[in-house]
Amino acid sequence: MSTGKKMTTPVWDMKMSTHFGVALGAEALFGIKIKDKLCWPPEQVDGDDTVEKCPTLSYRRINADVDLNDIRTIGAADPAPCIDPNNPQIMTGPRDEYISEPELFGGDTNGTGGVRGLFSWLPGKINQVLPTFITSRLKEDNDQCPSYRGLASVFFSGSRKPTLGTDQNGLVIGGKVVGKVNSSNNQGFVWGVNDPYVPNASLRVWRRPKAEPLRKFAEFFLNPYNVGIYPGKQYQVLAVQTPLSPARRKPDGDDGEMLPRGGGFPGANPAAVLYELVSSGAYEISATEDAIDKDSFLICARRLAYEDMGISFAWVDQDTVREVVNEVCKHVGAAVFIHPKTGLYTMRLLRPETDFDAIQSRQGERIPRPWVTGFVLDPSNAELDGDFERKTWTDVVNSLTVKYTDDETSEENAITVQNQVAIAAAGGRINDGTMNGYMFRSEETAHAAGVRELGNISRPILRASWNLSRKAWSLAPFDVITVNWPSEGLVGVKFRIMSVDYGTPRDRTVKIDAVQDVFGDVKPRVAYVPQAPLWRPDSRPTMRQPWFSPASAPMLIRNGVTIEEVEQLDEDQDAAVIHMISSDGPLDSADAFVHLAGESYSQNGVPIEALPRAVLGYPLPAQTTTVLNFYELDFGRQERDPDVGDVLVFVRPRPDKTSLNGYWQTIGGGRQSSLTWDAGYGTAFSPIKLHWGVGTAAMALDPASQRSDTMVGLAPAFHEEVCVITALNRDTGDVTVRRGCWDTVPAPIPSDAWVFHMKNRPPVPRSASPDGEFVYSVYRPKNASAVSRGTTQQYSHVATARQAMPARPGNVRLVIGGETHHIGSKPVLDDAADVTVRWASRNRMLDDASPAAWTAGNITPESGQSHYVRVWRRVRRDAAGDAPAVLVAQFYNLGGDSYVVPATVFTNSMTDPDWNPGQVESDIEVGAAFVIEVGAMRMTSGTTLGEPGASAQMSAQAALMLLDVGTAPGGWGNRYGEDYGGAA
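Quick caveat: nothing in here was measured; it's all calculated off a predicted structure. (Residues numbered from 1 in each chain as written. Predicted model: local features only at pLDDT ≥ 70, side-chain atom pairs only at ≥ 80, totals over all residues. Heavy atoms only, no water.)

Caption draft 1: The arrangement of the overall build of the protein chain in detail. Tallying secondary structure elements over the protein chain gives 16 helices and 55 strands in all. Looking at the protein chain residue by residue over its 984 residues, the buried ones come to 53%. Relative to all contacts within the protein chain whose residues are 6 or more apart in sequence, the contacts with residues 24 or more apart total 73%. Carbon and sulfur atoms provide 48% of the accessible area of the protein chain, an area that totals close to 43,200 Å². (Helix = DSSP H or I, 4+ residues; strand = E, 2+ residues; numbered from the N terminus. Buried < 20%, exposed > 50% of the residue type's maximum accessible area, 1.4 Å probe, protein only. Contact = heavy atoms within 4.5 Å. Areas by Shrake-Rupley, 256 points an atom, 1.4 Å probe, with all protein chains shown as cover.)

If you want it as C-alpha cells, here you go:
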C-alpha cells in the first residue's frame, strides 16, 4: 500500500583505513583503480571516457639512471631529474595524494557514491620511513616503526577535506587539490556508500629490472650524439617503450566517435628480466652475478630492444622462478642454460644471423656469435641414433592465434597470423594453434612474436639424434652446426643442437639431439588476419625523417623534363631536389613549405606524394644484378605493388651524421675548382676531401677488413644507389633489380640501408634552387581521414646541381696480364706490371627511361665529356674510424674507353720512403694497397686543363677498384717492403 509520502533512502559513507602490500620494490606508480575505475591521476579521469595513457618519458634516462629521481645535466645548463618527484601523473618516491572522486560510482543520488581520502604511496626504498600521521597513531617515532623497506605498499586513510581547484567558470575540478592535505585520525578512507565491503583496488606499478651490466651499457646513450651510432633504440636494454593501444569507441559516442589512444606504459626488456631472476640469488636458482655470462645477456637485450620487444606481467610467487624463466623464454624465442664449457648461465636468442648484423654499431663493431661453430656433421664423424623424424604438411600448425594484453585496458585481445604457403601445401586445410602471449602489451609486439613463432612451427622440419666422436667435445646446447647426410639428401643444412650428452670416462661418445634450424632457411610468407570488428579512423598522420636527393638528369628526363629544360638548369646553375617522405603510420602525402635562406615560408604548401620506405634488413654484395624478395621488405602503410620499371633507391647510412639518424645526403662529385695541383697527401678538393672518403670506403669494400661486415664508410663515397626492377614473380615476390643505374655505382649495401620505392614522378616541391644554397623545409602530413594541425620540425639541406654532373662510366674493369677483374674484386700484383683500366662511356641525356645496365657497351658521350683516372695508395687496411688514401697519380681529360696505368706509378710510390706523411700511421708493413678511381668529367667552358683556374664538372659517383701488391716470399711487394721499412 502506498502511503503517498516520498521516502528518502539514507546515505551512509563506508569508511575504513587500509594498508595494502603491492610489489617487491616497485619504482613508479602510474594509476589507481577502485572497482576497475580509474581514480588517480585526476588528469586522466573522465567518467566513461577515461583513457589511461603514459606521460612522456625519457627512455634514455630511465634505462641509464640508477634512480628515477637522479638529477643530471643533459644538454642544458640546469640539472633535471629523470622523472620529477612531483610529477602529477607519476609517483616515483614516497608521496601523499588526496583522492576526490565522489561521482566515481555514480554519486550518492544515482549510484553507490565515490571515493575520497588520503592515499600514501611507499615504493619500498631503502631509506623510507612511515608518514608522521601514521606513526603518531602508534605514539612512536618514525625510526621506531616498521618502514616496509624493499616492499612497495599503500595506505588508504582519512583526511580533512582540502581546498579543491576550480575551472574558469568557478566549477570544481574533480581530484585537483590546490591546498594543503591534512590527515584525520578520526576518519577513514571513503570507499563508497551503503556497501559494507571494501571494494577491490588495483594499482598500475612498474618495476625496472635490476641488471647492472645492461644499465652501464645504456649510460653510453646519455650523450644524445651517441644514439645514432647504434641502429634502433638499443638503449632500451632495461625499459622498453610500449606502443600506444588502438583507439576505442566512446561508450555513448555517435557516428563512431573515438576516444584518444591510450597505454604506452613502459615495459621491461625480457633479457633484463631474465638476468635479474637468474642472478639475484633470492630464488631457488641461487646464482649470483659472477655466475652469469653477462655479454650473452647484453647482446640479447640489445637485439630485443631493436625489436621493441617489451613485456609486462605480475609474478605473484605462485610459480617457481624456473617456470617464470621458461615462460619469458617462450614469449620471446630465447633460451637460458648453464653452458657446459664455462659453467655460466648463458642466454641465446633463436634468430637468423642477419638479425645480429642489424644491431652492430656503425663504428665497425662485430657481434660475437659463439653458437655458430663451423662444425660439419657427416657420416665420417657421426652415427645416426634412430631415424630422422619429420612432420607432414598436414600435421604442422599453419594458423596461429596470439593472445596478448591490451596496455590501456589490461583486457585480453588476440590476433591471428597464417602461413599461406603451409596452408596451400596442406591442401587448403587450416591447422590452428594458440600462443598465450599475456606478457605482451601491444598488438605490434604480439604480431612480431606470432610471425616468429609461426615460422618455427609451420614447416615440416627434421629432427634427429647422433652419436659423435670426441671431436665434438666443444659443441654446446643451441649451437648451430652444418649437416651433410647424403642418404637424406641433406647438403649444407643448418641444424640447431637442443641437448648434448658428453658421455662418461668409460663411454666417450658425444650424443646430441638436433633440430633443423628454421632460421637458416628462407623466411615464410606470413599473412596477418585483422581482428578489429569495427572500422576505426586513422590517427593523425605523422612523418619520419625525410631524405633529400638532388635529382640527376636521367631522373628528371624520365619523368617528363625535357633536355632543353635540363640544359637551362645547367646554364642557370640551379638544382632540383627530390623530397622523399614516409611514415610508420598512415600517410598519403604532405604539404611541403620550402624556402631559401633569407626568405620566409609561403602560406601555401606544395602537395607531394609519400614514398614507401623500408629497412633492407640484410646486406647485399656489389653485384650488377640482384634478386631480392619484395614481400619481405616492410614498407608499412605506404606499401604498393611492384612493377617492372619501378625505381628502388637504396640509401646508405652515415654514422658520423647522428643529428639526422645517421642518414645524410652527400654528393661526391660536382664542380672541381682546381686541376693543377701536385699529387700527394693533403691535397685540397672541392666540394669535399675525397682522399678521406676514398680511403675509408676502400676499407668497407675490402673483404679482408672488419669494416666489410658492417660496411661502415661506404657513404659518402656511395651515398645512395638507384636500382630499377627488370623482372618480378608476383607469386613469390622475388624481383630482379638492375644495380647501379644512372649516375650511381653498384657497391655493397648494408643491412640498415633505407629502401625507397618510387613508381611515379619524384616529389620535387620547388622548381629550382641555386646550386650550393641552403634550403629549409617543413611539412604538414596528410592522410585520407586527417590532416595534421601542425607542421614538422624544420629540415635543411644543400641544393646540389646533380643534373649538371656528367654520367659516370659503366662496366669499369682492370686488365692485368690478360686477366680481367670486374667491380667488387681485388686483384693482386705479384710482379711489376702495367694495369689497363677499361670502361664504357655513358650519356646523362640519353640514359633515361630504361637505364643502361652496368655491363652494357659504350653510349656516345655528350659533347665535352671525357674521363679521368686517379690512383690512390691506402694508408690502412683496417681502422675503427676514418683513414685517408694518398694521391699517387692522376690522369684527366681521357678520351676513348681505356687507359694504361704504367707499372712505374706503383713502383715510384713504393720506393718513396716519405709516401705517408704520418698523420695516420699505416698498418700495411709489407707490400702496398692501392685504389684506382674511375669517373667522368666535363671541362668548364672557357677553361683549359693545366692552366690556372681550370675547373670541371665531375661525375656524382666514381668506381673504386681495389688493387693489392703481393706479399708472397720473394714477391715484388715483399722486396720493396724490406728495402723501405717493411718487415721481412
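Caption draft 2: Spotlight on the sheet that holds strand β35 (residues 606–609). Ordered by their spatial adjacency, 4 strands build an open sheet running β35-β34-β44-β45, and the pairing between neighbours is antiparallel. The sheet terminates laterally at β35 and β45 (795–798), the two strands that pair on one side only. Going from strand to strand, the sheet's axes swing by 40° on average, the running direction of each strand aside. (Pairing = 2+ DSSP bridges. Axes fitted to C-alpha atoms, helices over the stretch in contact; angles between N-to-C directions.)

Caption draft 3: Fine view of the state of the cysteines. The final tally for this structure, using the stated rule, is 0 disulfides. A disulfide-free cysteine, C741 has its sulfur positioned 6.0 Å from the sulfur of C723, the nearest such atom. Residue C741 is classed as buried on the basis of its relative accessible area of 0%. (Disulfide = S-S within 2.5 Å.)

Caption draft 4: How the structure looks around the packing of aromatic side chains. Applying the stated rule across the entire model yields 25 aromatic pairs. Their ring planes at 70° and their centres at 5.3 Å tell us that F217 and F221 sit as a pair that is edge-to-face. An identical accessibility class is assigned to F217 and F221; each is buried. Ring pairs connect the aromatic residues F20, F119, F156, F189 and W191, which therefore count as one cluster. One residue, R204, lies across the ring of F265, its end atom 4.0 Å from the ring centre. Sitting above the plane of the W915 ring, R873 keeps its charged end 3.7 Å from the centroid. (Phe/Tyr/Trp six-rings, centres within 6.5 Å; stacked < 30°, edge-to-face > 60°. Lys NZ or Arg CZ within 6 Å of the ring centre and 35° of its normal.)

Caption draft 5: Quick peek at the environment of D588. Here D588 shows up in the loop between β33 (577–580) and β34 (589–596). The exposure class assigned to D588 is partly exposed, which follows from its relative accessible area of 42%. Linking D588 and R637, residues 49 residues apart in sequence, is a C-alpha distance of 9.0 Å.

Caption draft 6: Focus on the confidence of the model for the protein chain. Across the protein chain, the average pLDDT comes to 82, with 86% of residues at 70 or higher. Considering only residues more than four positions removed or in separate chains, one finds that residues 167–173, a stretch of pLDDT under 50, has 8 contacts. Taken together, the stretch residues 658–665 has pLDDT below 50 and engages in 32 contacts with residues farther than four places along the chain or on a different chain. (pLDDT = per-residue confidence, 0-100.)

Caption draft 7: Representation of the pattern of salt bridges. Within this structure, the stated rule accounts for 39 salt bridges. R204 serves as the salt-bridge partner of E52, at 3.2 Å between the closest nitrogen and oxygen. Here E52, found in the loop between β4 (37–40) and α1 (59–64), pairs with R204, found in strand β15 (residues 201–206); they are 152 residues apart in sequence, far enough to count as distant. Using a relative accessible area of 7% as the deciding quantity, one classes E52 as buried. Where R652 meets E721, a salt bridge forms, and the shortest distance between an N and an O atom there is 2.6 Å. Of the two residues, R652 is situated in the loop between β38 (647–651) and β39 (670–672) and E721 in strand β40 (residues 720–728); the sequence distance between them amounts to 69 residues. We classify R652 as buried; its relative accessible area is 1%. Taken together, the shared-partner salt bridges connect K33, E52, R204, D407 and R441 into one network. (Salt bridge = Lys/Arg side-chain N within 4 Å of Asp/Glu carboxyl O.)

Caption draft 8: Here's a closer look at helix α6 (residues 294–306). In a regular helix each residue adds 1.5 Å, so 13 residues correspond to 18 Å; α6 covers 18 Å between its end C-alpha atoms and thus fits that length. All of the buried residues in α6 are S296, F297, L298, I299, C300, A301, R302, R303, L304 and A305. For α6, the secondary structure elements touched by its buried residues are α4 (212–219), α5 (270–279), α7 (321–332), β18 (334–338), β19 (345–349) and α8 (353–357). After α6 finishes, the residue D308 shows a positive phi value of roughly 55°. (Expected span 1.5 Å × (residues − 1).)

Caption draft 9: Quick look at the environment of T135. Mapped onto the fold, T135 is located in helix α3 (residues 132–138). Of the residues examined, T135 reaches a relative accessible area of 2% and is grouped as buried. When the C-alpha positions of T135 and P146 are compared, they lie 9.4 Å apart, and in sequence the two are 11 residues distant. Residues in contact with T135, not counting those within four places in the same chain, are L130, E140, N142 and C145.

Caption draft 10: Focus on the sheet that holds β4. One open sheet holds the 3 strands; their spatial order is β4-β3-β15, and the pairing between them is antiparallel. Two strands lie at the open edges of the sheet, namely β4 and β15, each paired on one side alone. Going across the sheet, the axis of each strand differs from the next one's by a mean of 35°, ignoring polarity. Bridge count for strand β3 (residues 28–34) against β15 is 6 bridges, and the pairing is antiparallel. Among the inter-strand pairings, I32 is bridged to a residue of β15, identified as L203.

Caption draft 11: The arrangement of the nonpolar core in detail. One finds F30, L57, I62, L214, V237, M347 and F440 to be the most contacted residues of the largest nonpolar core, which totals 72 residues. Element by element, the count of residues in this core is highest for α5, at 7 residues. Non-local contacts of I62, meaning those with residues more than four positions away in its chain, are made with L57, L68, C82, I83, W206, R208 and A239. Listed in part, the 44 residues of the second largest apolar core include L701, M711, V835 and M961. (Core = buried A, V, L, I, M, F, W, Y, C linked by side-chain atoms within 4.5 Å.)

Caption draft 12: Seen up close, the pairing of strand β51 (residues 885–894). Along β51, 9 of the 10 residues are buried, which leaves the element largely enclosed by surrounding structure. Sheet topology note: the strand β50 (residues 865–874)/β51 ladder contains 7 bridges and is antiparallel. Bridge pairing in β51 links R874 to A885.

Caption draft 13: Expanded view of the packing of α5 against α6. The geometry of α5 relative to α6 is characterised by a closest axis approach of 7 Å and an angle of 150° between their N-to-C directions. Classified by the angle between their axes, α5 and α6 sit roughly antiparallel to one another. Between α5 and α6, the contacting residues are P270, A271, L274 and Y275 on the first element and K294, F297, C300, A301 and L304 on the second. Taken together, the residues of the contact of α5 with α6 sort by class into 8 nonpolar, no polar and 1 charged. (Parallel < 35°, antiparallel > 145°, perpendicular 65-115°, else oblique. Nonpolar A, V, L, I, M, F, W, Y, C, P; charged D, E, K, R; others polar.)

Caption draft 14: Main features of the packing of α4 against α6. Running from N to C, α4 and α6 point in directions that differ by 55°, and their axes come no closer than 9 Å. Taken together, the axes of α4 and α6 lie oblique to each other. Viewed along their axes, α4 and α6 form a crossing whose handedness is right-handed. For the pair α4 and α6, contact is made by P213, L214 and F217 and by K294, L298, A301 and R302, respectively. Of the residues that constitute the contact of α4 with α6, the class distribution is 5 nonpolar, no polar and 2 charged. (Left-handed = near helix turned anticlockwise from the far one by under 90°.)

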